Amino acid sequence: SPPGGGASSEVTFEVRNPLPTLTAIAPLSALSGSGATKLTLTGTRFVSGTTVRVGSTTLAPTTLSSTTIDVSLTPSLLATSGTLAVAAINPGPGGGASNAIAFTVVNPDVVISSVSPQTAIVGSGAVSITVDGVGFLPASTVLFNGTTLSSSYVNATRLTASIPANLLTNVA
């Protein structure tokens, strides 16, 4: 071997995670008040440790491949209607957030099947009513002749409300 040889000094070489790309989510929406809901993200460059950000909440995947992620949307994420940005987040070094796709939480259609009682006497005192139907949410209210009544959510099929005496003064 030639005289004076030896090893060079070390040079750092860093392997970085790629930036993920999100191409689709399914489903694109869910009903407000839904239970846990599976959301599937499709894209590229998902790696071990990738998480999903839904709005301001970070979720761990239930399944993960380099092109598909499944997460479970919690009922708390689906409690209020609105739009949530969904993105995949690759860990560092490198990594970062993908583009976002909108997920919409929509209020269900409300259908009223009955109101009890169905009549009140002009000039009577306040009348308590029960409204039965489907699609009610904790934030649902009852409107009476254009006036929002003091309402209480019983469950997804029942609301109660009170019609104040001052709204029972005229026959329409």
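Please refer to the structure placed before this passage.
So, how was this worked out
Residues numbered from 1 in each chain as written. Predicted model: local features only at pLDDT ≥ 70, side-chain atom pairs only at ≥ 80, totals over all residues. Heavy atoms only, no water. Buried < 20%, exposed > 50% of the residue type's maximum accessible area, 1.4 Å probe, protein only. Helix = DSSP H or I, 4+ residues; strand = E, 2+ residues; numbered from the N terminus. Pairing = 2+ DSSP bridges. Axes fitted to C-alpha atoms, helices over the stretch in contact; angles between N-to-C directions.

A.B. asks: Even after reading the chapter, I still don't get the pairing of strand β3 (residues 37–44), so can you show me in this structure?
C.D. replies: Looking along a regular strand, one sees the side chains alternate between the two faces of the sheet. Because side chains alternate across β3, one face comprises the buried residues Thr 37, Leu 39, Leu 41 and Gly 43, and the other comprises Lys 38, Thr 40, Thr 42 and Thr 44, none of which is buried. With 5 bridges connecting them, strand β1 (residues 21–26) and β3 associate as antiparallel partners. Bridging across to β3, Ala 26 finds its partner in Thr 40. Bridging between β3 and strand β7 (residues 68–73) involves 6 bridges; their strand directions are antiparallel.

A.B. asks: Would you take a moment to explain the sheet that holds strand β16 (residues 158–163) for this structure?
C.D. replies: Hydrogen bonds between backbone groups are what pair the strands of a sheet, and the pairing can be parallel or antiparallel. Strand order across the open sheet formed by 4 strands is β11-β12-β16-β15, with antiparallel pairing between neighbours. This sheet does not close on itself; its edge strands, each paired only once, are β11 (111–116) and β15 (150–155). For this sheet the average axis-to-axis angle between neighbouring strands, irrespective of direction, equals 25°. As paired strands, strand β12 (residues 127–134) and β16 are joined by 6 bridges and run antiparallel to one another. For Ile 129, the partnering residue across the bridge sits in β16 and is Ala 161.

A.B. asks: In this structure, what is going on with the sheet that holds strand β6 (residues 63–64)? I would like to understand it.
C.D. replies: Ordered by their spatial adjacency, 4 strands build an open sheet running β1-β3-β7-β6, and the pairing between neighbours is antiparallel. The open sheet has two edge strands with one neighbour each: β1 and β6.

What is shown is where atoms sit, not what they do.
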